[in-house]
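Listed below, chain by chain, are the residues.
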Amino acid sequence: MADAMKTTMRLFGRLNTAVYRATKGRLWSKIKGMPILLLTVKGRKSGKLHTTPVVYFQDGRDYVVTGSANGRPIEPDWFRNLRAADTASVEIGGFCFEATITVADPEQRAQLWTQLMKHGPFFEDYQAKTERQIPMAVLTPR
């Protein structure tokens, strides 16, 4: 069952990415009211570039992403890849830029989590489903 869910999520991600790029973010640019960016980062094992649609919120000039995996017990692959990378490419609408990656430490995460709850309170339900602390990362434009 887990493999079927993972395959379905990957297929939906590819479709979302294609529609998002084709329309420069005019379609499929929000999930549950939160905006989506396309995050491209090298695979930690393969070294190949992977693009994933990810919800975000802005914190000043930074973009904050959350590795919730809808509350599954294992961190999403895209976040594990993010942990292993120094930089990522970000697309928002038709605008693209390179960003440095900072995975939030516990103190910063607590502050960012409070902000996230204002934008996407449904993340609290995801946190309640899992024993792991859902990680957050800050993408700073270069």
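See the structure above.
Residues numbered from 1 in each chain as written. Predicted model: local features only at pLDDT ≥ 70, side-chain atom pairs only at ≥ 80, totals over all residues. Heavy atoms only, no water.

### So, the pairing of strand β5 (residues 87–92)
So, step 1. When strand β2 (residues 34–42) meets β5, the two strands line up antiparallel, connected through three bridges. Looking across to β5, one finds that Leu-39 is bridged to Val-90.
So, step 2. Here β5 pairs with strand β6 (residues 95–103) via six bridges, running antiparallel. Paired with Ile-92 across the two strands is Phe-95, which belongs to β6.
So, step 3. Where β5 folds back on β6, the antiparallel hairpin that results is connected by two residues, among which Gly-93 adopts a positive phi of roughly 60°. (Pairing = 2+ DSSP bridges. Helix = DSSP H or I, 4+ residues; strand = E, 2+ residues; numbered from the N terminus.)

### Details of the nonpolar core
So, step 1. In this structure, Leu-37, Leu-39, Val-65, Trp-78, Leu-82, Val-90 and Leu-139 are the most contacted members of the largest nonpolar core, which totals 18 residues.
So, step 2. Of all the elements in the fold, those that place two or more residues in this core are β2, β3 (49–59), β4 (62–66), α2 (77–84), β5, β6 and β7 (136–141).
So, step 3. Those residues in contact with Val-90 that lie beyond four places of it in its chain are Leu-37, Leu-38, Leu-39, Phe-95, Cys-96, Phe-97, Ala-99 and Leu-139.
So, step 4. Counting 17 residues, the second largest nonpolar core, distinct from the first, contains Ile-36, Ala-104, Leu-112 and Phe-122. (Core = buried A, V, L, I, M, F, W, Y, C linked by side-chain atoms within 4.5 Å. Buried < 20%, exposed > 50% of the residue type's maximum accessible area, 1.4 Å probe, protein only. Contact = heavy atoms within 4.5 Å.)

### Details of the pairing of β3
Along a regular strand, successive side chains alternate from one face of the sheet to the other.
So, step 1. Sheet topology note: the β2/β3 ladder contains seven bridges and is antiparallel. Residue pairing across strands places Thr-40 opposite Thr-51, the latter belonging to β3.
So, step 2. Following β2, the chain reverses through six residues before pairing antiparallel with β3; Gly-47 in that reversal takes a positive phi of roughly 75°.
So, step 3. Remark: two residues form the turn of the hairpin made by β3 and β4, two consecutive strands paired antiparallel; Gly-60 in that turn has positive phi of roughly 65°.

### Notes on the side chain of Thr-130
So, step 1. Assignment of secondary structure puts Thr-130 in the loop between α4 (123–129) and β7.
So, step 2. The exposure class assigned to Thr-130 is buried, which follows from its relative accessible area of 11%.
So, step 3. Separated by 3.5 Å, the side chain of Thr-130 and the backbone oxygen of Arg-72 make a polar contact.
So, step 4. Polar side-chain contacts of Thr-130 include one of 3.3 Å to the backbone nitrogen of Arg-132.
So, step 5. With residues up to four places along the chain from it excluded, the contact list for Thr-130 reads Gly-71, Arg-72 and Pro-73. (Polar contact = N/O pair within 3.5 Å; in protein donor to acceptor, adjacent residues only side chain to side chain.)

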